[in-house]
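A look at the structure
As a plain string of letters, each chain reads:
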Amino acid sequence: MTILNKLPTRTLLQRAAALTSRPLSASSSSAAAATSPSSTTNNFPSYLLATPTTEITTFPSGLRVASETIPSSSTATVGVWIDAGSRYETPHNNGAAHFLEHMAFKGTSKRTQYQLEIEIENMGGHLNAYTSREQTVYFAKVFEKDVPRAMDILADILLGSKLDPRAVNRERDVILREMREVNKSNEELVLDHLHGTAFQNSGLGRTILGPEKNICTLSRADLREYIDTHYLAPQMVIAGAGAVDHGRLCELAEYYFGGLRVELDEAQRESDAVCLDEGKFVGSDVRIHFKSDNMVHMALAYEGASWTSEYAYPLMLLQSLIGGYDRAAGKNVTSQLCYDVAASELANSISTFNTCYKDTGLFGLYAIADKERVSDLMASVMQNLSKMADHIREEDVERAKIALKATMLMGLDGNTNVCEDIGRQLLTYGRRLTPAEIFGRIEEVTVEDVRAAAHTVFHDKDHAMAAVGGLEGLPSYEWIRSKSCQ
């Protein structure tokens, strides 16, 4: 049985619905009390309207506790969601959040690594962690009676990690091996380079693992400074789902996390430990050419929407509408673009991605193609994208709505998924959206909204691109850019 399970460092294409966050009117509130944006919710099935309430309590320090109690559950997932990821790191400490994720399981001032593993194993629990560009997450799945012990362990590994210098040095080799494995994955490599060129010279352009130089030089003092400057009460959410009592969770949060700092002092704000820049999209590309490679792995992206943008929902639907094609799965395609790619065998696979961040986003296509077909592939892609807004039909949007709703509901299957949804939404929107509210907002999107989003993103806009492989036939940046205004 795997007890300590580290999730992938790069999150999957993020999913959720978006809206402008609304401030809580009191220290404790219920997300279920939020009004729906439309009377269309009256037509939703009872199971959607009867979803459990998400209770939210905000402490004077800014620390938030949010939970959803599921009466039939005998297990619970509790965790800490931190508004800290690689985009908030500087060139000096880039990679610190991910390094700390490794060190959290190497022992604390109260528990050795062995004692930590044995304690989790004896509870039959699972302890998990991952780092993304905007968030750091630690959570545990345990039986109902072990929730207090899980909270104790989470606080211990987050705030009491020993950070033994010898363990730090040993872990460097582990992370360097992980980096080599990441670089062997063409998709990981391409998407990292895509962020690097699209958001060059800003935090969003930095990788989660950090550069090799930093992995080799980050010290215990650097890691401790990162904890002191990023693990602040207003930036943290304690989330729980399943067999969780909200009042008891608040008591545990106060006991274990009540001493968190509220804000940085002036010296820390001016230090090189914190990056608070905006994610500014830059039209550009990066090409890594291997003459011996017969395949091309490439990502073409435009500036997308932030979580709270008016285009967030329409772009989610557009992603579903464009869809994808994989030669191994057959030619059951969902859009004209994918039909053209499949019919002419222009690529082995092509998929649509829509990644949202707090202040910006990336919307685009990832494709794998033979180097001899990449020129024809790009011609087809640009022809379809440039005319996308004029060819979206009502029935396409309705089909995309059904697919998006299904994806959302399936993403809430299980306590851990619900807990993750709560933590992410509290950091992103400041509150939890009910499934009925999300469905209502999806229903409100019209075909004109999706067309407008497609026109805004694609028409006469700069793009970012990253490509790896045999790139002789890949058109120039200027050629691709010129096709966006046809």
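Structural data are supplied above this passage.
Note that the structure is a prediction, hence the values are computed from the model and not measured.

Some details on the nonpolar core
- With 59 residues, the main nonpolar core has M298, L300 and L318 as its most contacted residues.
- If you tally residues by element for this core, the top one is helix α11 (residues 312-322), at seven residues.
- Apart from the residues lying within four places of it in its own chain, the contact partners of M298 are V190, L365, Y366, A367, V374, M378, M465, A466, A467 and L474.
- In terms of nonpolar packing, the next biggest core, distinct from the first, is built from 55 residues, A104, V147, I175 and A253 among them.

With respect to helix α5 (residues 165-184)
- Taking 1.5 Å as the rise per residue, α5 with 20 residues should run 28 Å; its terminal C-alpha atoms sit 29 Å apart, in good agreement.
- Residues of α5 that are buried in the fold lie against α2 (96-103), α6 (186-198), α7 (212-217) and α8 (220-230).
- Its side-chain oxygen 3.0 Å from the backbone nitrogen of R166, D164 forms the N-cap of α5.

Observations concerning the packing of helix α14 (residues 394-410) against helix α16 (residues 435-444)
- In the contact formed by α14 and α16, the axes pass within 10 Å of each other and the chain directions differ by 165 degrees. Our classification of the angle between α14 and α16 gives roughly antiparallel. Where α14 crosses over α16, the two elements pack in a sense that is right-handed. Between α14 and α16, the residues in contact are K401, L404, K405, M408 and L409 and P435, I438, F439, I442 and E443, respectively.
- The residue makeup of the contact of α14 with α16, split by class, is seven nonpolar, no polar and three charged.

Brief notes about helix α13 (residues 374-386)
- Relative to the 18 Å expected for 13 residues at 1.5 Å per residue, α13 spans 18 Å between its end C-alpha atoms, a close match to the ideal helical length.
- On the buried face of α13, the contacting elements are β10 (295-303), α12 (336-343), β12 (349-356), β13 (361-370), α17 (447-458) and α18 (477-482).

With respect to the packing of aromatic side chains
- For the structure on display, the rule yields seven aromatic pairs.
- Ring centres of W307 and Y429 lie 6.4 Å apart, and the angle between their planes is 85 degrees; on these two criteria the pair is classed as edge-to-face. One end of the pair, W307, is in the loop between β10 and α11; the other, Y429, is in helix α15 (residues 415-429), and 122 residues separate them in sequence.
- Given the relative accessible area of 1%, Y429 is considered buried.
- An aromatic cluster is defined as three or more aromatic residues linked by ring pairs; in this entry it consists of Y302, F363 and F458.

A look at the pattern of salt bridges
- Evaluation of the coordinates by the stated rule reveals 31 salt bridges.
- One salt bridge connects E420 with R424, and the closest N-O pair in it is separated by 4.0 Å. Here E420 and its partner R424 are both found in helix α15, four residues apart, which amounts to about one turn of the helix. In this structure, E420 and R424 share a single accessibility class: buried.
- Linking D462 and R481 is a salt bridge whose minimum nitrogen-to-oxygen distance equals 2.6 Å. Of this pair, D462 sits in the loop between α17 and β14 (464-469) while R481 sits in helix α18, placing them 19 residues apart in sequence.
- You can call D462 partly exposed: its relative accessible area is 40%.
- Several salt bridges converge on common partners, so that one network encompasses K110, R111, E119, K145, D146, R149, D152 and D156.

Quick notes on the rules
Residues numbered from 1 in each chain as written. Predicted model: local features only at pLDDT ≥ 70, side-chain atom pairs only at ≥ 80, totals over all residues. Heavy atoms only, no water. Core = buried A, V, L, I, M, F, W, Y, C linked by side-chain atoms within 4.5 Å. Buried < 20%, exposed > 50% of the residue type's maximum accessible area, 1.4 Å probe, protein only. Helix = DSSP H or I, 4+ residues; strand = E, 2+ residues; numbered from the N terminus. Contact = heavy atoms within 4.5 Å. Expected span 1.5 Å × (residues − 1). Polar contact = N/O pair within 3.5 Å; in protein donor to acceptor, adjacent residues only side chain to side chain. Axes fitted to C-alpha atoms, helices over the stretch in contact; angles between N-to-C directions. Parallel < 35°, antiparallel > 145°, perpendicular 65-115°, else oblique. Left-handed = near helix turned anticlockwise from the far one by under 90°. Nonpolar A, V, L, I, M, F, W, Y, C, P; charged D, E, K, R; others polar. Phe/Tyr/Trp six-rings, centres within 6.5 Å; stacked < 30°, edge-to-face > 60°. Salt bridge = Lys/Arg side-chain N within 4 Å of Asp/Glu carboxyl O.

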